[in-house]
Amino acid sequence: MSVRHLSLVLVLVLLMSTSAVAGEQAEWWLAAGLGAGAVNPDQSLDNYRWDTRPAALFAAEAIAGRGRFAGGVRLTRWQTHQGTGLALAEPDPRVRLTSVDFLGQVRVLERAGWQLWGTALIGQMGLRYAPDQTIIPTGVPGGDITVHYDPIDEMNLGLGLALKRDFGDQVSAALLAEQSRFSLDTSHRRGDEIVFERQEFVNWSYRLQISWVLDLG
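## A look at the packing of aromatic side chains
Across all of its chains, the model carries five aromatic pairs by this definition. Geometrically, the ring pair formed by W29 and W117 is edge-to-face, given 6.2 Å between the ring centres and 85° between the ring planes. Of this pair, W29 sits in strand 1 (residues 28-40) while W117 sits in strand 5 (residues 114-130); the two residues are 88 residues apart in sequence, bridging distant segments of the chain. Judged by its relative accessible area of 15%, W29 is buried. Given a relative accessible area of 2%, W117 falls into the buried group. Ring plane angle 35° and centroid distance 5.8 Å describe the contact between F182 and F201, whose orientation is recorded as tilted. With F182 in strand 9 (residues 171-190) and F201 in strand 10 (residues 193-215), this residue pair connects regions lying 19 residues apart in the sequence. Exposure remark for F201: the relative accessible area of 0% places this residue in the buried category. Joined through ring pairs, the aromatic side chains of Y48, F182 and F201 make up one cluster.

Reading the values: the criteria
- Residues numbered from 1 in each chain as written.
- Predicted model: local features only at pLDDT ≥ 70, side-chain atom pairs only at ≥ 80, totals over all residues.
- Heavy atoms only, no water.
- Phe/Tyr/Trp six-rings, centres within 6.5 Å; stacked < 30°, edge-to-face > 60°.
- Helix = DSSP H or I, 4+ residues; strand = E, 2+ residues; numbered from the N terminus.
- Buried < 20%, exposed > 50% of the residue type's maximum accessible area, 1.4 Å probe, protein only.

This is the structure in structure tokens:
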């Protein structure tokens, strides 16, 4: 499902929920959650020598909600490698991607103890390299070339769905599927020329999350 389709679904859900919430006795609650899963990077990142195989993803979030609406903040982290393409340049640097996002959530439906939530997020993603430089030997004494990898910070946008279930009064578990996107300034060869352009990338992530819930009444 594309971001456009998910956006339409969330807008329709928000409109329906707004009309229904007036008849509910909404109560405030707080939740803190930890999650782990996998991210499937945009395969076009392979054009820039990124390792685009699925990678482990970890997340932590804090949410406040009332009735079927909620909002909060989330920290997400995963990492991969980016090759240099140079046989004499070792090692390939790790790329660590850390996102801090603000969340908005709405409960779509609730049946037999299961809840389906829609999520929209906006925040900032930081790319950091380790090591943050590569030394390229030239074979000339004192002539080695050092390439530095500068940190990168970009806007992160996303939409997703979460299937949740409560276990007792203070614990809930959720399965989440989300699509997030960001843009990078890129350079690549096209024929006999080097092309510089800004390109958008889309990642999919899937994870299991356990949350501790505090009912404020």
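Additional details are given in the paragraphs that follow.
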